[in-house]
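Take a look at the letters that make up each chain.
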Amino acid sequence: MKDFLKSSVGRKYIMGLTGLVWVGFLFAHMAPNMLILFSAELYNAYTYSVTANKILLYAVEAILLSSLVIHVLMAILLTRQNRVARGAQYAVSANGEKAVSWGSRYMAAQGSAILAFIILHLITFKYGTYYETTVNGVVMRDMHRLVVEVFQSPAYVAWYFICLGLMVFHVSHGAASVFQSFGILERKLQGGIKKFAWVYAIVIVTGFLSQPVYVFLFHK
Amino acid sequence: MEKKQNINLKLKVWRQKNAQAKGEFKEYDAKEVSPDASFLEMLDAVNEDLIKSGDQPITFDHDCREGICGSCGFMINGEAHGPQKGTTVCQLHMRHFKNGEHLTIEPWRAAAMPITKDLMCDRSALDRIITSGGYVSVNTGNARDANNIPIPKPDADEAFLSAACIGCGACVASCKNASAALFTSAKISHLALLPQGQVERKQRALDMVAQMDAEGFGSCTSTGACEAACPKEISLINIAKMNREFLRASVLKKEEVGGGDMA
Amino acid sequence: MSVKLESKIPSGPIESKWENHKFDMKLVNPANKRKHSVIVVGTGLAGASAAASLGELGYRVKAFCVHESPRRAHSVAAQGGINAAKNYQNDGDSVHRLFYDTVKGGDFRAREANVHRLAEVSVNIIDQAVAQGVPLAREYGGLLANRSFGGAQVSRTFYARGQTGQQLLYGAYQSMMRQVDLGNVQLNTRREMLDLVVIDGKARGIIVRNLLTGEIESHEADAVVLATGGYANVFYLSTNAMACAVTAAWKAHKRGSYMANPCYTQIHPTCIPVHGENQSKLTLMSESLRNDGRVWVSKKKGDLRAPSEIPDSERDYYLERVYPSFGNLAPRDVASRQAKYRVDEGHGARGEQAVYLDFRDSIKRLGEDKIAERYGNLFQMYDKITGENPYKSPMRIYPAPHYTMGGLWVDYNLMSTIPGLFVAGEANFSDHGANRLGASALMQGLADGYFVLPYTIGDYIANTKLPTVAVSDDAFKHGENGVKEEIQKLMSTKGTRTVESLHKELGRIMWENCGMARNKQGLIEAITKIQNLKEEFHHNVLVPGEAVGVNTELEKAGRVSDFIELGELMCRDALTREESCGGHFREEFQMDGEAKRDDDKFCHVAAWEWTGEGKPQSRHTEELKFENVKLATRSYK
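Residues numbered from 1 in each chain as written. Chains lettered and ligands numbered in written order. Predicted model: local features only at pLDDT ≥ 70, side-chain atom pairs only at ≥ 80, totals over all residues.

A. Just the environment of C:T164, in detail. All names here are of chain C. Relative to the assigned elements, T164 resides in helix α6 (residues 164-182). Classification of T164 by C-beta neighbours within 10 Å gives buried; the count is 26. With 121 residues separating them along the chain, T164 and T43 place their C-alpha atoms 17 Å apart. For T164, the contacting residues outside a window of four places in its chain are A78, Q79, G80, G81, I82, Y159 and L442. (Helix = DSSP H or I, 4+ residues; strand = E, 2+ residues; numbered from the N terminus. Buried ≥ 20, exposed ≤ 12 C-beta atoms within 10 Å, placed from the backbone. Contact = placed C-beta atoms within 7 Å.)

B. Expanded view of the interface of chain B and chain A. On the side of chain A, 38 residues touch chain B, which itself brings 44 residues to the contact. For the side of chain B that touches chain A, the secondary-structure elements that each account for two or more residues are β4 (79-80), β5 (102-106), α6 (201-214), α7 (225-229) and α8 (237-252) of chain B. Within the side of chain B that touches chain A, the residues separate by chemical class into 22 nonpolar, 14 polar and eight charged. (Nonpolar A, V, L, I, M, F, W, Y, C, P; charged D, E, K, R; others polar.)

C. Geometry of the packing of helix α13 (residues 474-493) of chain C against helix α16 (residues 552-576) of chain C. Residues and elements named next belong to chain C. At their nearest, the axes of α13 and α16 sit 11 Å apart, and the two run at 110 degrees to each other. One element, α13, and the other, α16, form an angle in the roughly perpendicular class. Across the interface between the two elements, I487, L490 and M491 of α13 pack against L554, A557 and G558 of α16. Among the residues making up the contact of α13 with α16, the classes are represented as five nonpolar, one polar and no charged. (Axes fitted to C-alpha atoms, helices over the stretch in contact; angles between N-to-C directions. Parallel < 35°, antiparallel > 145°, perpendicular 65-115°, else oblique.)

D. Layout of the arrangement of the chains. When the two pairs of chains in contact are compared, the highest contact count belongs to chains B and C. A gap remains between chain A and chain C, with no contact made and the closest C-alpha atoms lying 17 Å from each other.

E. The pairing of β5(B), seen in detail. All names here are of chain B. Relative to β5, strand β1 (residues 7-15) is paired through four bridges, and the arrangement is parallel. By the bridge assignment for β5, V13 is matched with I105. Relative to β5, strand β3 (residues 75-76) runs antiparallel, the two being bridged by two bridges. Directly across from I76, in β5, lies its bridge partner I105. (Pairing = 2+ DSSP bridges.)

F. Region of the structure containing the pairing of β1(B). Bridge analysis of β1(B) against strand β2 (residues 24-33) of chain B gives eight bridges, and the strand direction is antiparallel. Bridged to B:L11 within β2(B) is B:Y28.

G. Main features of the interface of chain B and chain C. Taken together, the 67 residues of chain B in the interface contact 66 residues of chain C. Elements represented by at least two residues in the side of chain B that touches chain C include exactly α1 (39-52), β6 (115-117), α2 (124-131), α3 (153-163) and α5 (181-192) of chain B. Top contributing element to the side of chain B that touches chain C by residue count: α1(B), with seven residues. For the side of chain B that touches chain C, a count of residues per class yields 25 nonpolar, 25 polar and 17 charged.

H. Broad picture of the sheet that holds strand β5 (residues 185-188) of chain C. Residues and elements named next belong to chain C. The strand order across the open sheet built from five strands is β5-β2-β1-β9-β17, with neighbouring strands paired in parallel fashion. Both edges of this open sheet fall to β5 and β17 (421-423), since each of them pairs with a single strand only. Adjacent strand axes in the sheet meet at a mean angle of 20 degrees, parallel and antiparallel pairs treated alike. Pairing of strand β1 (residues 37-41) with strand β2 (residues 60-64), which is carried by five bridges, proceeds in the parallel orientation. Its bridge partner lying in β2, V40 is registered against A63. Across the face of the sheet, helix α12 (residues 441-463) comes into contact with β1, β9 (223-226) and β17 while running at roughly 150 degrees to β9.

I. Region of interest: α16(C). Over its 25 residues, α16(C) runs 36 Å from end to end, which matches the ideal 36 Å to within 8%, given 1.5 Å per residue. Burial analysis of α16(C) places 22 of its 25 residues in the buried class, which makes it a mostly covered element. (Expected span 1.5 Å × (residues − 1).)

J. Geometry of the domain arrangement of chain C. Residue and element names in this part refer to chain C. We note that the domain assignment places domain 1 (269-400) and domain 2 (474-623) within chain C. On a C-alpha basis, the centres of domain 1 and domain 2 stand 32 Å from each other. Contacts between domain 1 and domain 2 engage six residues on the former and six residues on the latter. At five residues, the largest contribution of residues to the side of domain 1 that touches domain 2 is made by helix α9 (residues 332-344). A breakdown of the residues in the side of domain 1 that touches domain 2 according to their chemical character gives two nonpolar, one polar and three charged. (Domains from an automatic or database assignment.)

K. Seen up close, the nonpolar core. In terms of nonpolar packing, the biggest core is built from 319 residues, with B:V172, C:V41, C:V224, C:V225, C:L226 and C:L408 touching the most fellow members. For this core, the leading source of residues is α12(C), giving 12 residues. With near-sequence residues (within four places) excluded, C:L226 lies in contact with C:V41, C:G42, C:A248, C:A249, C:A252, C:L408, C:L421, C:V423 and C:A427. (Core = buried A, V, L, I, M, F, W, Y, C linked by C-beta atoms within 7 Å.)

L. Just the sheet that holds strand β6 (residues 191-199) of chain C, in detail. Residues and elements named next belong to chain C. Pairing in this open sheet of three strands is antiparallel, and the strands run β6-β7-β8 from one edge to the other. Each having just a single partner strand, β6 and β8 (216-220) make up the two edges of the open sheet. In this sheet, adjacent strand axes meet at a mean angle of 25 degrees when their direction is disregarded. Across the sheet, α13 lies against β6, β7 (202-210) and β8, angled at about 140 degrees from β6, the strand it touches most.

Okay, here's the thing in structure tokens:
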């Protein structure tokens, strides 16, 4: 096991596994967010329900946090190894048929931006202003109000758009290459998986972007 | 069959006296280049002029000049083996270039493949990866009849595609991480696909991956640059197979109990 | 110091010679093998297979190659296939038939016993390769596939698309690297052998130049194997790789190893024609293409029409016309000569030095997919080089120097006239006579390395007193000094002619006078021209840079210098052999355009002995006896 973790291939498995946790989480996070399109009450009720069971919440948070930490740690290790391996840079980089996709080339940079985004995101929302509201007689946090408030700021919206834009590349490349890293890629799956990953990433990100769009349309 | 016009090019070539020296780019003119000439023949002509004018010719590795020995290879405008896909630089012909084009020519760059002179580098690390386990342990004379074990044609064909790697190093050179994953995986999958390779399958995957890391190559981040640069169009699928083989071996590898030699 | 040429062919019927000989040979016990060392120079098919097999046996092997990796040896470029008498196709093949075809294909100028052994072990080679994981082509049933090659009427050629040499080489290379891993083989890359060290009349070591540092190194051993390939680059333009040279063999020749039949050179019929002055090498289009391609020229002289505009009635499928029973699969020497005749008569494709190789009919019959599966990589290569699509219009091809049947003389044990110096693969002269059949070079290289040398070297070591030698001995110091002096001479000439231009000039002389057709007058002239060129070389060569570190021009200069000397010997050999046989075609000796042998006067091997700098070599002969194949006029009609 030690050899496995020390090898570049083993580390890729870890990267993929922890990334996959977050890829799954993104969907679980995005789908209920759609409730905002239906009603503020539903939105808040959902927020209330997921935070009600503290044990479950902490367990999920622990998995997410440890996945993130390991993912970032591995990324740092591999990136450092890769920098050393590369040595000198070329004077000219490829731009013809042999060039690589932008998404795959700058995974580390995208990852850093996304990490910053996650931290800021938590500060803004999870640890943001605590408004209260009552739905069906139950007192709960008014997440809806906070969201509407935050997305009033054009600067925040711009930042949100940029980071989610990066997320499309990061997630689509990650979701496709996890098949590669896990060794489940077969010749006949090659094209399909790439498309699937792009569709998945775009759906996720579009879902999230519905939040500021909703705010812009109905709460300006 | 109209005769095409000869072309003139401006070259910016990396010159480095030896492994220790600090290199630099120098500019040269390639004049009256026939579009039927290969890229190396164009450099030959530049070299002839350099020698005649008392300069040092540009050193580059080359041998068979038919795209199979894997000796040649350098970057042309940032692309390994130049712009044409599935082609070594010796098989790249000048008809693909335009009159007046500027070309920047650089050696492969990777810490594990240090430059030895000008455009020549030391790729012996790739040999050491093979030495670590890229073979079937069968002594001469031990073989059974060749048709003893039928091999499904699709498997044999797939194994051939992996075995077609010429070890030129373009995959490493074009990878932003200088990863040798494509090279290593091609040999691992070639032998894993064949019945003859089964006995040592697990140990081979472990040993070759370990050697690849030990040589100081980077890790694969699936950019696909290697596949695009590969003159033999070795597929990324091989890397997936290597990862699978490695995981399988890490999980299933039996402890060695030793003994057996004591009789 | 003249040596009598003893072929040491074992007695007994031809089928059991090798078997009996193997039993009669002495063995070295396993513990003693470790005490003996063998140097193997060259790591192509013959060298790598020999190094691997000797390492497996337990000898301490030191392998040397000029490349940065053994995988780059020019065996890698062999395309079409490897012959073996497996008779998997049930089409009447047998060891005897392969033996017969090879002797006949060589125009009765090879040693029967050697060829029979080659045919015998051919089957083991395929077994060995498959066991190593060489991905040879297979049928849907999972069994090995075969194709046909020239000079045979059975399908006995095994292949891996158009990359058979590559795959077989990697098999041998990987086996050798396994021995490197086990510590039995010490691999020395980027080393060029520049002298052979002979002590007490036995080969005991080599002097090499480290091509990275420029250092001159000595290496000692109990026996030396040369597997350094052929010398077709004497023609400058050939299908050989740029580094293919005669240098190692030539240095051994100068130390007493006889050079046999140097005039036997193979001009391969299907190469991509020359495109211009700056061309550096020629590219072969595998003979396997003639399985499905038809060779033709226009019946009209000076026909400038595009091939598609020439109707069938105006095409001359000359190989099918002249050789109805072998058709497009006539052997190489024959097919090349016919191409030359057509072009000389003015039928060249679009007036140029080329004939057509056409797949139109096969594509119609089998479909483009099938043709692509069989020859895809070759078609692609043709397209890359010429910019023409061979699926749409026929290939244009012309003969080019490809292989050399001549080489250092060896006895049945593959030992040269210097005891302890063994020669394997293309570097020796042994198995192909005056013409090699397609797909037989891979067979011979691997036969020598895997199945012959491991036995015969053991026999030599067991039978020979080999006192310890060290690289500090005088013989080594003397060798090193000689090499250094030669390098110094090349570096200090500082003339005006580049090595390349001198090589080109030599190539032109050789191609015009000692190429596909030779005659007395031309050969005599060529000898004078080469002697002048030698003068010019030594007084006017320009080698830039310094002797320290990488200097590719210096490497080339040494090689060209040896090619010049060899060229002269080739012409002299061709001049003396007053007959035509196989690839050696003397215009004075022909019948209906076919080679006319003179078995009364020339049924022998000519082996040339070096007699000193500036003196002509002296000629020795080894009579060839044909007891199992009747000497006959070779006919493919």
